[in-house]
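# Structure assessment
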Amino acid sequence: MMNHLYNPLLGGLLIGLAAAIYLITSGRVVGISGMLAQSLFNKNKRLPLIFLLGLIIGGSAYGILTQQTTPFPEIRSPWLMILSGLLVGYGTRLGNGCTSGHGVCGLARLSPRSIVATATFISCAIITVLLTH
């Protein structure tokens, strides 16, 4: 039971530490959509790719070491998933960042744009949950 209390705290501390290390080493704030764009379209940028691979490897290793399983939702249409991914990508470019960039790094820097963006993300998430449940 205690792990359920400490895991989110430890995870948050590790995310903050990773964001700080990335800022120190690259001079840029962490934002997953921006890092993905850099990795895909700028072949000279290896640090974002290493960071993204670390997210995948670290999350996978944690799941294996703690023997956690995540049930998959019902199967969706591949075209619907592709369209959804493209719309999310477009939205992050339109909003000048994703939830990780605005929520983790933008709020830590007290960026007014990130405060508004994060409040918008959270409000839309709450409304969506209320409407769907």
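Residues numbered from 1 in each chain as written. Predicted model: local features only at pLDDT ≥ 70, side-chain atom pairs only at ≥ 80, totals over all residues. Heavy atoms only, no water.

### Quick word on the environment of G34
What counts here: Each helix is a run of H or I in the DSSP string that is no shorter than four residues. Each strand is a run of E no shorter than two, and both are numbered from the N terminus. Type-normalised accessible area, obtained with a 1.4 Å probe on protein chains alone, sets the label of each residue: buried when under 20%, exposed when over 50%, and partly exposed for intermediate values.
Looking at the secondary structure, you find G34 in helix α2 (residues 32–41). The exposure class assigned to G34 is partly exposed, which follows from its relative accessible area of 23%. Spatially, the C-alpha atom of G34 lies 13 Å from that of C105, the residues being 71 residues apart in sequence.

### Some thoughts on the layout of surface pockets
Going by this rule: The rule is simple: put a 1 Å grid over the protein atoms alone, call a set of points where a 1.4 Å probe fits but cannot get out a cavity, call an open set with protein on both sides within 12 Å along at least five of seven lines a pocket, and count a residue as lining if it has an atom within 4 Å of a point. Grid points are joined across faces, edges and corners, and a volume is the space filled by probe spheres set on the points. Ten residues, namely Ala, Val, Leu, Ile, Met, Phe, Trp, Tyr, Cys and Pro, are considered nonpolar, four, namely Asp, Glu, Lys and Arg, are considered charged, and the remaining ones, Gly among them, are considered polar.
There is about 560 Å³ of room inside the largest pocket. Along its surface, the largest pocket is lined by 18 residues, and G11, L14, I15, L55 and G59 are the ones closest to its centre. Looking at the lining of the largest pocket, its residues break down into 12 nonpolar, six polar and no charged. If you add up the space inside the second largest pocket, you get close to 360 Å³. Contributing to the lining of the second largest pocket are 20 residues, with V29, G31, G34, N96 and G97 lying nearest its centre. The set of elements that each furnish at least two residues to the lining of the second largest pocket consists of α2, α4 (78–94), α5 (99–108) and α6 (112–132). Per-element accounting of the lining of the second largest pocket gives the leading share, five residues, to α2. Here the residues of the lining of the second largest pocket are counted per class, giving six nonpolar, 10 polar and four charged.

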